[in-house]
Amino acid sequence: MKHLANVLYITTPETYLSLDGENVVIQKDEHTSTRLPLHNIENIVCFNWQGASPALMGACVEQNIGLTFLAPSGRFLARVTGQVKGNVLLRRKQFQVAENEAQSVPIAASFLLGKLSNCRKVIERALRDHAMLVNVEALSSASAFLKETLKVIPSCQSTADLMAFEGSAAKAYFNVFDHLILQQKNEFYFKERNRRPPLDNMNALLSFLYALLTNECVSALETVGLDPFVGFLHTNRPGRPSLALDLMEELRPVFADRLALSLVNRHQVTEKGFTPKESGGILMDDETRKTVITAWQERKKEEIIHPFLKEKIPFGLIPHIQALLLARHLRGDLDAYPPFFWG
Amino acid sequence: MKLEYTPDDLLPLSGIQHFLFCRRQWALIYVEMQWKENVLTAEGRILHQRVDDPFFTETRNGVIIARSVPVASYRLGLSGVCDVVEFTPSPPAPLSQGEEDVKLPNRAGLYLPTPVEYKRGKPKREPMDEAQLCAQAMCLEEMLSTHIPLGYLYYGQTHHREKVEFTSELRALVMEMSAEMHQYFQRGHTLRVKPSKACRSCSLEEVCLPVLQKKVIMASKYIRQQVESA
C-alpha cells in the first residue's frame, strides 16, 4: 500500500522555502535554515507569506508532492499544480456522470451513507464510552434518527431528495453535538455550525480542521486524476471544490469532529488559544494551531483496517484510497462507489 | 491491423516492456496516465540520466556511439528513444555484402547500426527487454531502410551486455504486442488482470489496487450490508 510520508507544515510567516538538490530548504532569516529531503515529504502546507521558489514548485509537481499556501488564518490561498494529471477519459466520464442525475445520484448517495453512518458512530462511541456523563436520551434519539435516514437514502431518486435528507440528518447531529463536549463546557460549546467567520471556539476549531481536510481531499482527488471541482452531491460553483466537499462528507465526522472533541475533552486546547475579534469572529493562535496540527498528524499515523479493502492502512491514507475507489468505480472496475464506513 | 499508422497514433515504444510485464500496468501508465516511482524505477531513471545525453556522440575505434536517438515506426505505430545506437563501419565495397549497411549524414562510408538498451537490473526470464530492444531495431530498420540482425542489452546489476538476436519469433511478438496495445488504447480501456507475485515489485500497486480485481461486484453488496446492519 501507499507509503504515508510526512506533511511539512510551515507555520512561521517569515519563512521562505527553496530547493537544493533533492532537499527543501526552509529559511527563516539569513542565518537559520533547515534542510529536509523531499522524498520523505508528501505534502507541504504553508501558512507563510514569503512563499517558495519556482524550482521547489517544479520539484513538488514532478514528485507528486502537494504544495499549498494558506493564509495564517487557515484560509486557502493557492495550490501549486503542474500539468493536469491523469486520464482525460476518466475526467470526461466524471463530467458526464455529474451531468446525468440518474448516474450521479447513486454516487452522491454513497457519500451521504458514509457521512450518516460515521456521524452516528461518533454519537454511539460517546454513548458507549461515557454513558454516565452524556445525555443518553438525546444522543440515542439522534442516533436512531440517523439510522432511519440511513435506510431511506438508497431509495432516493434525485439529488434534491438527498440534500433534503442530508439537511435534516445534519441538523439532528449538530443538535446533539454539544452533548459530546464533556470538558471545558463554559469555554467550548456548540449551538450551531457557523463559519466565515466562526463565532465560537468550537466552530473555530472545526473550521480549521475542515480546512486541513479539504486540502487533503483536493490533493487526493487530483492525484488520482479526478477534477476536485466537479461534484456529484454538491452543485458546481466557480471556486468551490465540489467533489472534494462530496468526499469530505463521509470523512468529516471521523477526521475532524471526533478530533475536535478529543482535543477539547482532553484539555489539549484551551480557551487561552482563542481570541475573539471585534466583529465576534474567533481567531486561533499559533500555539493552538500547532497543537491541532500535531494531533492531526498523530491521528493520520494510526492504523486501521480499511472496511472495504480489508487491508491495514494508516488513517491518513483514507482520503487517497477513497479517491482511488471513486476513480476505479468511474472507470468501471467497481459496480458502486464504496464509501468509508468507520467501524 | 493497420498497415500504416499516423503520427497521432504512435504509442510509446517503452510501453512494450510494461505491456509484457502486465497489461493492466501498461494501461494504468498510458491510458490512465498514472505513474508512481519506487526504488526500482528511481534507479532506472538515474541510470538513464547518465546514459542519455543527445549531444554527446563519441567515436571509439571507429565505432560511432550515438546516445538518445529518437526513432519511430509507422508500421508498428511506435515511437521512442534508443539509449544508444552504435554504428560500426563496414569494410570497403568488395568485402561487404552492403545490404545491411547505411549511410550516415555528414559521415563517409557505410555503417551497421546496433541498438543498445540500458537496464538497471539483471536479465529477466520473460522477453520484455528483448522485445523492447527489437522494437527499437524495427524502428531503426524502417527509418534507415536496412536490416538489423542483433542488438545488446546492458544490465546495471551484472555490468554485462547480453546479445539479442532479432529472430522472426521476436519480431512477430513485437508486432502482435503493438497491435494489441493499439486496440486497447483506442478503446480507452483499463484492463483487469489477475493479481500475481509480480504485483509486489510493481510501483503502481497502490494505484492499481490488485485486490479490487477480486472484488469486481462487491461494492454494492458492501454498501447494502453496512446499511442493513446499522
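The shown structure was predicted, so the numbers you read here are calculated from the model rather than taken from an experiment.

## With respect to the overall build of chain B
- Across its full length, chain B holds seven helices and eight strands.
- Counting every position in chain B, which comprises 230 residues, the buried fraction comes to 49%.
- Considering only intrachain contacts with a sequence separation of at least 6, the fraction spanning at least 24 residues in chain B is 65%.

## Quick notes on the overall build of chain A
- Each helix and strand counted, chain A has nine helices and eleven strands in total.
- For chain A, the C-alpha radius of gyration of 20 Å lies close to 20 Å, the compact-globule estimate for 343 residues.
- Across its three principal axes, chain A shows a C-alpha extent of roughly 60 × 50 × 40 Å.
- Of the contacts formed within chain A by residues at least 6 apart in sequence, a portion of 61% connects residues at least 24 apart.
- Working note: accessible area of chain A is about 14,900 Å², and carbon and sulfur atoms make up 51% of it.
- Taking the average location of the 38 positive side-chain charges in chain A and that of its 37 negative ones, the two points are 3 Å from each other.

## Regarding the interface of chain B and chain A
- Across the boundary between the two partners, chain B contributes 31 residues, which contact 37 residues of chain A.
- Here chain B meets chain A over a buried area of about 2,800 Å², counting both sides, of which 54% is carbon and sulfur.
- Across the contact surface, chain B and chain A share zero salt bridges.
- In this structure, the connection of chain B to chain A is made through six residue pairs in polar contact (both at pLDDT 80 or more).
- Contributions of two or more residues to the side of chain B that touches chain A are made by α2 (23–30), α6 (205–208) and α7 (218–228) of chain B.
- Of all the elements, α7 of chain B adds the most residues to the side of chain B that touches chain A, at eight residues.
- In terms of residue class, the side of chain B that touches chain A is built from 17 nonpolar, seven polar and seven charged.

## Brief notes about the nonpolar core
Residue and element names in this part refer to chain A.
- Ranked by internal contacts, the top residues of the largest apolar core, which has 150 residues, are Leu-205 and Leu-326.
- Residues in contact with Leu-326, not counting those within four places in the same chain, are Ile-107, Phe-111, Leu-221, Leu-226, Phe-232, Leu-243 and Tyr-337.
- Listed in part, the 17 residues of the second largest apolar core include Leu-8, Ile-26, Ile-41 and Ala-59.

## Describing the confidence of the model for chain B
All names here are of chain B.
- Summarising the model, chain B shows a mean pLDDT of 83, and 84% of its residues fall at 70 or more.
- Within chain B, helix α4 (residues 128–144) carries the highest mean pLDDT (93), whereas helix α3 (residues 39–51) carries the lowest (68).
- The complex prediction reports pTM at 0.74, with the ipTM value standing at 0.74.

## Brief notes about the pairing of strand β8 (residues 160–165) of chain B
Residues and elements named next belong to chain B.
- Summarising the sheet, strand β7 (residues 150–155) and β8 pair through six bridges and their orientation is antiparallel. Considered in β8, the bridge of Tyr-154 is made with Arg-161.
- Counting the residues in the hairpin turn of β7 and β8 gives four residues, including His-159, whose phi is positive at 55°.

## Some points on the packing of helix α6 (residues 201–224) of chain A against helix α8 (residues 286–301) of chain A
Residue and element names in this part refer to chain A.
- Taken N-terminus to C-terminus, the directions of α6 and α8 make an angle of 50°; their axes are 11 Å apart at the nearest point. Taken as axis vectors, α6 and α8 run oblique relative to one another. Two packed elements cross with a definite hand, and for α6 against α8 that hand is right-handed. On α8, the residues that touch Leu-205, Phe-208, Leu-209, Leu-212, Leu-213 and Glu-216 of α6 are Arg-289, Val-292, Ile-293, Trp-296 and Lys-300.
- Grouping the constituent residues of the contact of α6 with α8 by class yields eight nonpolar, no polar and three charged.

## A word on the sheet that holds strand β7 (residues 76–79) of chain A
All names here are of chain A.
- Read from one edge of the open sheet, four strands run β1-β5-β6-β7, paired in mixed fashion. A single partner strand is all that each edge strand has here, and the edge strands are β1 (6–10) and β7. Adjacent strand axes in the sheet meet at a mean angle of 20° when their direction is disregarded.
- When β1 meets strand β5 (residues 41–46), the two strands line up parallel, connected through five bridges. The residue of β5 that forms the bridge with Tyr-9 is Val-45.

## Some remarks on the sheet that holds strand β3 (residues 23–27) of chain A
Residues and elements named next belong to chain A.
- One open sheet accounts for three strands, arranged β2-β3-β4; its pairing is antiparallel. Each end of this open sheet is capped by a strand with a single partner; those strands are β2 (16–20) and β4 (33–37). Adjacent strand axes in the sheet meet at a mean angle of 25° when their direction is disregarded.
- The pairing of β2 with β3 spans five bridges and is antiparallel. The residue of β3 that forms the bridge with Leu-17 is Ile-26.
- Taken strand by strand, helix α1 (residues 54–62) contacts β2 and β3, and its axis lies near 70° from that of β2.

## Observations regarding the pairing of β3 of chain A
Residue and element names in this part refer to chain A.
- Burial within β3 is extensive, with four of its five residues counted as buried.
- Linking β2 back to β3 in an antiparallel pair, the connection comprises two residues, with Gly-21 at a positive phi of about 65°.
- Where β3 and β4 come together, five bridges link them in antiparallel fashion. The partner of Val-24 across the bridge, within β4, is Leu-36.
- Hairpin remark: β3 followed by β4, antiparallel, with five residues in the connecting loop.

Reading the values: rules and limits
Residues numbered from 1 in each chain as written. Chains lettered and ligands numbered in written order. Predicted model: local features only at pLDDT ≥ 70, side-chain atom pairs only at ≥ 80, totals over all residues. Heavy atoms only, no water. Helix = DSSP H or I, 4+ residues; strand = E, 2+ residues; numbered from the N terminus. Buried < 20%, exposed > 50% of the residue type's maximum accessible area, 1.4 Å probe, protein only. Contact = heavy atoms within 4.5 Å. Rg over C-alpha atoms; globule rule 2.2 N^0.38 Å. Areas by Shrake-Rupley, 256 points an atom, 1.4 Å probe, with all protein chains shown as cover. Lys, Arg positive; Asp, Glu negative; His and termini not counted. Charge placed at Lys NZ, Arg CZ, Asp CG, Glu CD. Buried area = accessible area lost by both parts, 1.4 Å probe. Salt bridge = Lys/Arg side-chain N within 4 Å of Asp/Glu carboxyl O. Polar contact = N/O pair within 3.5 Å; in protein donor to acceptor, adjacent residues only side chain to side chain. Nonpolar A, V, L, I, M, F, W, Y, C, P; charged D, E, K, R; others polar. Core = buried A, V, L, I, M, F, W, Y, C linked by side-chain atoms within 4.5 Å. pLDDT = per-residue confidence, 0-100. Pairing = 2+ DSSP bridges. Axes fitted to C-alpha atoms, helices over the stretch in contact; angles between N-to-C directions. Parallel < 35°, antiparallel > 145°, perpendicular 65-115°, else oblique. Left-handed = near helix turned anticlockwise from the far one by under 90°.

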